[in-house]
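Structural overview for review
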Amino acid sequence: TKVTAEGLEAVAGCPLRHVAMQGCELTEDSFKAFGKMKELQELWLSDAKMKAAWLEHIAGLPRLKELNLMRADFDDDAVKFVASLPAIENLTLN
């Protein structure tokens, strides 16, 4: 997809519950936009080009239940961001 952080920012106020950006090249600004999607329940980022540290921007999402990071950057330092998600139920890593 050619959706940029600017495009994500444009829909950040919508009541989206599910966003899938599998295989996309993301930026830190993309994660800042995800962090504004307060109704988000599922975020699928498998095969995404990203940095694990950017997960900090989604750490406060109150309804995020499912996070898919298969074949995406994820390390021990990023675990603290996932652990702070209050509603997380499913985490997919590979």
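Below is a short write-up of the structure. Small disclaimer: the values here were computed from a predicted structure and weren't measured.

Thresholds applied
- Residues numbered from 1 in each chain as written.
- Predicted model: local features only at pLDDT ≥ 70, side-chain atom pairs only at ≥ 80, totals over all residues.
- Heavy atoms only, no water.
- Pairing = 2+ DSSP bridges.
- Helix = DSSP H or I, 4+ residues; strand = E, 2+ residues; numbered from the N terminus.
- Axes fitted to C-alpha atoms, helices over the stretch in contact; angles between N-to-C directions.
- Buried < 20%, exposed > 50% of the residue type's maximum accessible area, 1.4 Å probe, protein only.
- Contact = heavy atoms within 4.5 Å.

Structural notes on the sheet that holds strand S4 (residues 90–92)
An order of S1-S2-S3-S4 is seen for the 4 strands of this open sheet, with the pairing classed as parallel. The outermost strands of the open sheet, each flanked by one partner alone, are strand S1 (18–20) and S4. Averaged over all pairs of adjacent strands, the angle between strand axes in this sheet comes to 0°, irrespective of strand direction. Strand direction decides the pairing type here: S1 and strand S2 (residues 42–44), joined by 3 bridges, are parallel. Across the sheet, Val 19 pairs through a bridge with Leu 43, a residue of S2.

Brief notes about the side chain of Ser 30
Looking at where Ser 30 falls in the secondary structure, it is placed in helix H2 (residues 28–34). A residue is classified by how much of its surface remains accessible, and Ser 30, at 3% relative accessible area, is buried. With near-sequence residues (within four places) excluded, Ser 30 lies in contact with Ala 5 and Leu 8.

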